[in-house]
Amino acid sequence: MLLLRDLSVLWSLLHILVLFMMLYRTRYSRKKTILLTGISMGFLILLNMTGLVLYGAEVMGKVFILTCTLPSLLVFWFISKDRNGRFFFTFCLADTVALWVITVTKLADYYFGGGQYIIMFIGRLVMFPLLEYVAVRYIRKPYMELQEAVPNGWEIFAGMTALYYILLAIMGNFPVMITNRQQELPAFLLVLVLMPMTYATILTSLYRQLLLYQRKQAERLLQEQKNTLETQLESQRSIRRMKHDMKGHTITLAGLLAAGQIREAQTYLIGVQEEMDTLLGQYCANPYINAVFVHYARKFEEMGAACSTDIQIGEEALPHMELCQILSNELENACDAMRQLDAGMREVSVQIKYNKVYLLMRIKNRCRSDLYVERGTIPSTDKQERGHGFGLITIKEAAEKLGGNMVCYAEHGSFVMEVMIPCKSFWGEC
């Protein structure tokens, strides 16, 4: 019967690895991850199985945190892409769930199987694959999306799962196994019931964060599409107006040319060109960036905000989708912030420079004097209260996608956003 015990322990250790590898994000290729995991964890499994045979389950149950948990934590810390609260939560989640299955099957075997290890072996043989099926079928995909979408706020959940793991380990094995402490068994059973309920609450809370993030992303996308459509509509109106005015311009030019007034005709043509540029809003040669700025320049004009520009971009084939996303989100933030100010205090400046080495973008707008944003941090409050927030996350993601970075800060009643992107990220080595 000891063979069934040893096989069930080996089966459990293997499936702890499988469960964890389903949920965490590795920084290596799948092949290298499997190789590193197999070598390191194979050694740990061999070590613990040897200890189980030599010293028995009670002794190994007291030291398995030192012989298995902590070494595997260090191994996966090295392999993992995330080295923060996300990693610790995933690690503790997999280990605690596995420890829960191990503990429940051990208790079931002791009280209903006479300690013959048959119920324990069959229970683990069934429960671990069933648990992995549930993880693959219902948990893995949203959990991976959650790790990708929610970078912060995992630490408190990781701490809760770590405490549950320690609680199960201590209550189940110290000072002796729980089966030898019958008076403490009711409290231990309550902990076993409470643990999955707590995890369900944690995962539900995290999933709601994911849904909130996705909703905000969809709202931002719809806002950008709305801005684009408004820009196109305004451009069409300007073109129709120019068409209407061109008849008068043609008559005037025809009269000047018929009278032989060539110089006057040239001067008039320059004036017509300047008028066309004004109507269309010609701020830079890049049509995509120009279209975004045209839209917000009109918004600034409508709200009476003073706007200064220094846009030094030619007709280079820049990654317009990401740059327009950065520009439109920050200009929208600037509009929201300046609406809270008196009309005479509304000011915004836009600087964009591209010198074949870096693309630099700096947008500065007046804001409330009590707004405090430390350099390198992103305000977490929503726009209705602060004027800045969710759009900055999109800006940072777009900048990092291009291999660059974004910083923002508030100083002396102004909010400043700076973006720097190396040109090699979209041109190759310069």
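These numbers come from a predicted model, not from an experiment.

## Observations concerning the overall build of the chain
Moving on, step 1. The helix and strand tally for the chain stands at 13 helices and five strands.
Moving on, step 2. Here the C-alpha atoms of the chain give a radius of gyration of 32 Å, more than 25% beyond the 22 Å that 2.2 N^0.38 yields for 430 residues.
Moving on, step 3. With respect to the three principal axes, the spread of C-alpha positions in the chain is 115 × 45 × 35 Å.
Moving on, step 4. Classification of the 430 residues of the chain by burial places 43% in the buried group.
Moving on, step 5. By element, 64% of the accessible surface of the chain is carried by carbon and sulfur atoms, the whole surface being about 23400 Å².
Moving on, step 6. Averaged over its 43 positive side-chain charges, the chain has a centre that lies 6 Å from the centre of its 39 negative ones.

## Observations concerning the environment of Phe128
Moving on, step 1. Locating Phe128 in the fold gives a position in helix 5 (residues 118–149).
Moving on, step 2. Between the C-alpha atom of Phe128 and that of Phe20, which follows or precedes it by 108 residues, the distance is 12 Å.

## Brief notes about the packing of aromatic side chains
Moving on, step 1. Tallied over the full model, the rule gives 17 aromatic pairs.
Moving on, step 2. With a centroid separation of 6.3 Å and an interplanar angle of 40 degrees, the aromatic rings of Phe89 and Tyr143 are classed as tilted. Residue Phe89 is located in helix 4 (residues 85–112), and its partner Tyr143 is located in helix 5; the two are separated by 54 residues in the primary sequence.
Moving on, step 3. The class of Tyr143 is buried, set by a relative accessible area of 3%.
Moving on, step 4. Ring geometry for Tyr110 and Tyr111: centres 4.9 Å apart, planes at 80 degrees, overall edge-to-face.
Moving on, step 5. With a relative accessible area of 39%, Tyr110 lands in the partly exposed category.
Moving on, step 6. For Tyr111, a relative accessible area of 35% translates into the label partly exposed.
Moving on, step 7. Here the aromatic cluster, defined as three or more aromatic residues joined through ring pairs, consists of Phe20, Tyr24, Phe76, Trp77, Phe87, Phe88 and Phe91.
Moving on, step 8. The side chain of Arg27 reaches across the aromatic face of Phe78, ending 5.0 Å from its centre.
Moving on, step 9. Above the face of the Tyr409 ring, Arg375 is positioned so that its terminal group lies 4.0 Å from the ring centre.

## What to know about the sheet that holds strand 5 (residues 414–422)
Moving on, step 1. The sheet built from five strands is open, its strands ordered 1-2-3-5-4 with mixed pairing. Only two strands of the sheet have a single partner each, and these edge strands are strand 1 (306–312) and strand 4 (405–411). Each adjacent strand pair in this sheet contributes to an overall mean axis angle of 5 degrees, direction not counted.
Moving on, step 2. The sheet contacts of helix 9 (residues 287–302) involve strand 1 and strand 2 (347–354), and relative to strand 1 the element is tilted by about 170 degrees.

## As for the packing of helix 1 (residues 2–23) against helix 4
Moving on, step 1. Running from amino to carboxyl end, helix 1 crosses helix 4 at an angle of 145 degrees, the nearest separation of the two axes being 9 Å. Note that helix 1 runs across helix 4; the crossing there is right-handed. Contacts from Ser12, Ile16, Leu19, Phe20 and Leu23 in helix 1 reach Phe87, Thr90, Phe91, Leu93, Ala94, Asp95, Val97, Ala98 and Ile102 in helix 4.
Moving on, step 2. By residue class, the composition of the contact of helix 1 with helix 4 is eleven nonpolar, two polar and one charged.

## Concerning the environment of Ile378
Moving on, step 1. Assignment of secondary structure puts Ile378 in the loop between strand 3 (358–366) and helix 11 (383–386).
Moving on, step 2. Owing to a relative accessible area of 30%, Ile378 belongs among the partly exposed residues under this scheme.
Moving on, step 3. A C-alpha to C-alpha distance of 8.3 Å links Ile378 and Tyr409, two positions 31 residues apart in sequence.

## Some words on the environment of Gly115
Moving on, step 1. Following the sequence through the fold, Gly115 ends up in the loop between helix 4 and helix 5.
Moving on, step 2. C-alpha separation for the pair Gly115 and Thr198, spaced 83 residues apart in sequence, amounts to 30 Å.
Moving on, step 3. Beyond its immediate chain neighbours, meaning those up to four positions away, Gly115 contacts Asp109 and Tyr110.

## Let's talk about the packing of helix 4 against helix 6 (residues 155–173)
Moving on, step 1. Two elements in contact, helix 4 and helix 6, have axes separated by 8 Å at closest approach and are oriented at 30 degrees. Relative to helix 6, the element helix 4 is oriented roughly parallel. In the packing of helix 4 onto helix 6, the handedness of the crossing is left-handed. The residues of helix 6 that touch helix 4, namely those facing Gly85, Phe88, Phe89, Cys92, Leu93, Asp95, Thr96, Leu99 and Trp100, are Glu155, Phe157, Ala158, Thr161, Ala162, Tyr164, Tyr165, Leu168 and Ala169.
Moving on, step 2. In the contact of helix 4 with helix 6, the residues fall into 13 nonpolar, three polar and two charged.

## Digging into the confidence of the model for the chain
Moving on, step 1. When pLDDT is averaged across the chain, the result is 83; 90% of the residues are at 70 or more.
Moving on, step 2. Per-residue pLDDT stays below 50 along residues 382–389; that stretch engages in 30 contacts with residues further than four places along the chain or on separate chains.

## Quick look at the nonpolar core
Moving on, step 1. One finds Phe76 and Phe89 to be the most contacted residues of the largest nonpolar core, which totals 56 residues.
Moving on, step 2. The set of elements that each furnish at least two residues to this core consists of helix 1, helix 2 (30–55), helix 3 (57–79), helix 4, helix 5, helix 6 and helix 7 (185–258).
Moving on, step 3. Counting residues per element, this core draws most heavily on helix 4, at eleven residues.
Moving on, step 4. Apart from residues lying up to four places away in sequence, Phe89 is in contact with Tyr143, Trp154, Phe157, Ala158, Thr161, Ile202, Leu203 and Leu206.
Moving on, step 5. Ala297, Leu327, Val350 and Met361 belong to the second-largest nonpolar core, a separate cluster that totals 44 residues.

Analysis parameters
Residues numbered from 1 in each chain as written. Predicted model: local features only at pLDDT ≥ 70, side-chain atom pairs only at ≥ 80, totals over all residues. Heavy atoms only, no water. Helix = DSSP H or I, 4+ residues; strand = E, 2+ residues; numbered from the N terminus. Rg over C-alpha atoms; globule rule 2.2 N^0.38 Å. Buried < 20%, exposed > 50% of the residue type's maximum accessible area, 1.4 Å probe, protein only. Areas by Shrake-Rupley, 256 points an atom, 1.4 Å probe, with all protein chains shown as cover. Lys, Arg positive; Asp, Glu negative; His and termini not counted. Charge placed at Lys NZ, Arg CZ, Asp CG, Glu CD. Phe/Tyr/Trp six-rings, centres within 6.5 Å; stacked < 30°, edge-to-face > 60°. Lys NZ or Arg CZ within 6 Å of the ring centre and 35° of its normal. Pairing = 2+ DSSP bridges. Axes fitted to C-alpha atoms, helices over the stretch in contact; angles between N-to-C directions. Contact = heavy atoms within 4.5 Å. Left-handed = near helix turned anticlockwise from the far one by under 90°. Nonpolar A, V, L, I, M, F, W, Y, C, P; charged D, E, K, R; others polar. Parallel < 35°, antiparallel > 145°, perpendicular 65-115°, else oblique. pLDDT = per-residue confidence, 0-100. Core = buried A, V, L, I, M, F, W, Y, C linked by side-chain atoms within 4.5 Å.

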